[in-house]
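Spelled out, the chains give:
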Amino acid sequence: MPPRLVIRPARPADLAALAALETRSFTGERLSPARFQHWCGADNGLLLVAAERRASAPPLGYALSFWRRQGVSARLYSIAIAAEARGQGLAQRLLQASERQLKQRGRSRYTLEVAVRNAAAIALYQKRGFIPFGRYRAYYQDGQDALRMYKPL
Ligand SMILES: CC(C)(COP(=O)(O)OP(=O)(O)OC[C@H]1O[C@@H](n2cnc3c(N)ncnc32)[C@H](O)[C@@H]1OP(=O)(O)O)[C@@H](O)C(=O)NCCC(=O)NCCS
């Protein structure tokens, strides 16, 4: 990852840029601005962004994880990197930071679902050590199955 970039918690000033990034990254099943606002600072969620180091820099990517207070799992709900910032290791760094912080919050299992045709995301998760363990049939609006993956933390 370029040295001028940092991984940090999302803050209220990021919310408009996160909503715009979401619109550009996904065609359906997007996180609404209200959901981003909800997860920004929630005590059972972790919303991390990758951004340039300067104070007012908008996010170039984000990862959102959340968990039930009773239990040991956390779920990676969504991760996206702006098209112009892909291929530089940002998603890997966001996942690495999420894993570390989730462990500090007492989570020992990290789970996710990913569309079976999303080869880039599946390769990313495999590289970070996620293991496939099942499928949800016709999980997405377009009819695609979801591959379920997990990683011990
Ligand atoms: C999937 C996504 C998050 C990857 O972000 P990224 O910052 O470009 O990923 P990284 O640069 O950290 O790549 C890490 C690894 O992931 C894999 N990977 C990433 N993009 C890939 C691609 N287009 N094709 C194949 N493998 C890919 C590779 O293993 C890569 O390691 P390498 O560069 O050493 O080969 C990004 O493409 C994206 O935002 N896609 C749209 C949103 C999305 O589908 N999100 C996931 C579902 S919720």
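Our structure is the block above this text.
Residues numbered from 1 in each chain as written. Predicted model: local features only at pLDDT ≥ 70, side-chain atom pairs only at ≥ 80, totals over all residues. Heavy atoms only, no water.

J.: Run through the side chain of Arg8, naming residues and quoting values.
T.: Note that Arg8 resides in strand S1 (residues 5–9). Polar contacts involving the side chain of Arg8 include one to the main-chain carbonyl oxygen of Ala57, which spans 3.4 Å. Here Arg8 is in contact with Asp14, Leu47, Leu48, Val49, Ala51 and Ala57, once residues within four sequence places are set aside. (Helix = DSSP H or I, 4+ residues; strand = E, 2+ residues; numbered from the N terminus. Polar contact = N/O pair within 3.5 Å; in protein donor to acceptor, adjacent residues only side chain to side chain. Contact = heavy atoms within 4.5 Å.)

J.: Quick one: what's the story with the site of the ligand, residue by residue and with numbers?
T.: Close to the ligand lie 18 residues, the nearest being Ile79, Gly87, Gly89, Asn118 and Lys127. With the chains in place, 69% of the 920 Å² that the ligand exposes on its own is no longer accessible. Judged by the fraction of its atoms near the pocket grid, the ligand is located in the largest pocket. Of all the elements, helix H4 (residues 119–127) adds the most residues to the shell around the ligand, at six residues. (Near = heavy atom within 4 Å. Areas by Shrake-Rupley, 256 points an atom, 1.4 Å probe, with all protein chains shown as cover. 1 Å grid on protein atoms, 1.4 Å probe; cavity = no way out; pocket = protein on both sides within 12 Å on 5 of 7 lines; lining within 4 Å. Sits in = over half its atoms within 2 Å of the grid points.)

J.: How would you summarise the side chain of Glu99 if you had to cite specific residues and measurements?
T.: Note on placement: Glu99 falls in helix H3 (residues 90–104). Accessibility expressed as a relative area gives 7% for Glu99, which makes it buried. Apart from residues no more than four positions distant in its own chain, Glu99 is found in contact with Tyr110, Arg128, Phe130, Lys151 and Leu153. (Buried < 20%, exposed > 50% of the residue type's maximum accessible area, 1.4 Å probe, protein only.)

J.: Before we move on, could you go through helix H1 (residues 15–25) and cite the residues and values that matter?
T.: For an α-helix, 3.6 residues make a turn, and residues three or four places apart therefore share a direction. Every buried residue of H1 is accounted for by Leu15, Leu18, Ala19, Leu21 and Glu22. The buried residues of H1 occupy an angular sector of 160° when projected down its axis, which confines them to one face. When the buried face of H1 is taken as reference, the exposed residues oriented beyond 90 degrees from it are Ala16 and Arg24. Looking at the buried positions of H1, the neighbouring elements they touch are helix H2 (33–39), strand S2 (45–52), strand S3 (59–66) and strand S4 (73–81). (Arc of directions from axis to C-beta.)

J.: Please provide a residue-by-residue account of H4, values included.
T.: Those residues of H4 that sit buried are Ala121, Ile122, Leu124 and Tyr125. When H4 is viewed along its axis, its buried side chains cluster within an angular range of 160° and face the same direction. Opposite the packed face of H4, turned more than 90 degrees from it, sit the exposed residues Ala119, Ala120 and Lys127. Where H4 is buried, its residues meet S4, H3, strand S5 (109–115) and strand S7 (146–152). Just downstream of H4, Gly129 is the residue with a positive phi angle, here 95°.

J.: Just give me the short version of the pairing of S7, but keep the residues and values in it.
T.: One ladder, built from seven bridges, connects S5 with S7; its direction is antiparallel. Residue pairing for S7: Leu112 is matched across the bridge by Met149. Sheet topology note: the strand S6 (residues 131–136)/S7 ladder contains five bridges and is antiparallel. Paired with Arg135 across the two strands is Leu147, which belongs to S7. (Pairing = 2+ DSSP bridges.)

J.: Report on the layout of surface pockets, specifying residues and quantitative values.
T.: Put simply, the largest pocket is a space of about 1,100 Å³. Residue lining of the largest pocket: 34 residues in total, with Ser25, Phe26, Ile79, Asn118 and Ala121 positioned closest to the centre. Taken together, the residues of the lining of the largest pocket break down into 17 nonpolar, eleven polar and six charged. Considered as a void within the structure, the second largest pocket measures approximately 160 Å³ in volume. Lining the second largest pocket are Asn44, Phe66, Trp67, Arg68, Gln70, Ser73, Ala74, Arg75 and Thr111. At three residues, the largest contribution of residues to the lining of the second largest pocket is made by S4. (Points joined across faces, edges and corners; volume = space filled by probe spheres on them. Nonpolar A, V, L, I, M, F, W, Y, C, P; charged D, E, K, R; others polar.)

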